[in-house]
Amino acid sequence: MTRYYHVDINDFGGPENLRVIEQPQLPEPGPGEVRVKVLTAGTGFTDTIIRKGQYVDVKTKPPFTLGYDWFGIIDKLGEGVSQLPLGQNVADMSVIGGYTQYLCVPASRVILAPEGLDPAEAVAMILSYTTAYQLLTRIRTLPKNSTCLVHAAAGAVGTALLELGKLMGLKMYGTASSGKHITVRHYGALPIDYQNEDFEKVIARETDGEGVDIVFDTIGAGNWARSRRCLKPGGLLVCYGVLQYTSGQESLLATIIGFLKLKFLWQVLKNGRESTFYNISHRRESHREQFKEDVQRLFTLLQAKKLSPCIESIVPLSEAASVHKRIDNAEITGKVILQCNVE
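Each chain carries its own residue numbering, running from 1 in the written order of its sequence. The predicted origin of the model limits local features to residues at a pLDDT of at least 70 and limits the giving and counting of side-chain atom pairs to 80 or more, whereas totals for whole chains, interfaces and linings rest on all residues. Hydrogen atoms and water are omitted, and side-chain values are computed over all heavy atoms in the structure.

K.L.:
Mind showing me how you'd approach the pairing of strand β11 (residues 190-193) here?
P.N.:
Looking along a regular strand, one sees the side chains alternate between the two faces of the sheet. Where strand β10 (residues 171-176) meets β11, 4 bridges bridge the pair, whose relative direction is parallel. Residue pairing across strands places T175 opposite I192, the latter belonging to β11. By definition, the crossover connecting two strands over a helix is right-handed if that path, from the first strand to the second, turns clockwise as seen with the strands pointing away from the viewer. Secondary structure counts use DSSP, requiring at least four H or I residues in a row for a helix and at least two E residues in a row for a strand, with both numbered from the N terminus. The parallel pair β10 and β11 is bridged by helix α4 (residues 181-186), and the resulting crossover is right-handed. Pairs of strands are assigned from DSSP output, requiring at least two bridges between the strands.

Here's what the structure looks like:
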């Protein structure tokens, strides 16, 4: 094989801007790099935000290849790389670049993976499950039977939070539309229909007015005050994801005001409750070894059959645009995986 394919955006905007590009020759790894044959790439809401040009951490201008995370095998070694064998399973959270059949990356950056993992399940461990794992373990120690409210509970990170929380012995509540409640229950949580129920009242009822120990909120600044009211004294509100993009349901100004409340006002007026913000890409760069440890821990759990990620479907790389349309329409439960190399 000499040619390969990748999916680029030719301009910021809708899914119609995604293009399958054919390259006549495989990329060659430079010094200190490895070439990876990408087996699977994850898709998700974050990819659509990058596609729209609203993800503040991505400064690259189109055209470029989308793809926040990927899983594959080392195909070729660059000069000076001797510690990694050909055929080694590896993965990375590249933020962009994953929607491809081949790519070259620094050898120092890849995360080693054990043999025998299902490539679709393995790539789900990178962004979705590592986000969930770090939310549950790296911010605050949560004793067994701690109570947790998860917003967007039927999404990729939401279902990962539910499954890992159940594994940790936590009591989980999850907001989702009624059609996705079967998924929330499957992962051992009590579903809350956010469209027809007041989640504050449900939490008050289910906890006898006490509130929960922790809330994970990726909805946006307009939801944070309500989530904070669901906390018991000493509880923690963790906001994540929303400050990485600059539009959507809320204006940038509303998000900034919400963040200032979270960061400053609520720190002064704690009322026995705390708030913080989590950003996986920033944490990965500031705690690189910890990130690798967490991903490899998740690979171990996956290999031991203790995790079963919610994968709605596995589709060819060429269907990336149609997947983005479904994500934009909130039609996906869990995660859709792109199969990049089909033999």
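K.L.:
Quick question: what am I supposed to make of the environment of T131 here?
P.N.:
Its location among the elements puts T131 in helix α2 (residues 119-137). Between the alpha carbons of T131 and V157 there is a distance of 6.9 Å; along the sequence they are 26 residues apart.

K.L.:
Help me understand unusual backbone geometry, please; the structure alone is not making it clear to me.
P.N.:
The bulk of non-glycine residues show a negative phi, and the bulk of peptide bonds are trans. The omega torsion across P62 and P63 is 0°, close enough to zero to call that bond cis. We note that V95 has phi near 70°; this positive angle belongs to a residue other than glycine. Relative to the helices and strands, V95 resides in the loop between β6 (89-92) and β7 (102-106). Using a 1.4 Å probe on the protein chains alone, a residue whose accessible area is under 20% of its type maximum counts as buried, one over 50% counts as exposed, and one in between counts as partly exposed. By relative accessible area, V95 is classed as buried at 17%. Phi is positive for A330, close to 55°, though the residue is something other than glycine. In this fold, A330 is placed in the loop between α10 (320-328) and β16 (335-339). Residue A330 is classed as exposed on the basis of its relative accessible area, which comes to 55%.

Note that every value here comes from positions in space, so none of it alone points to a role or purpose.
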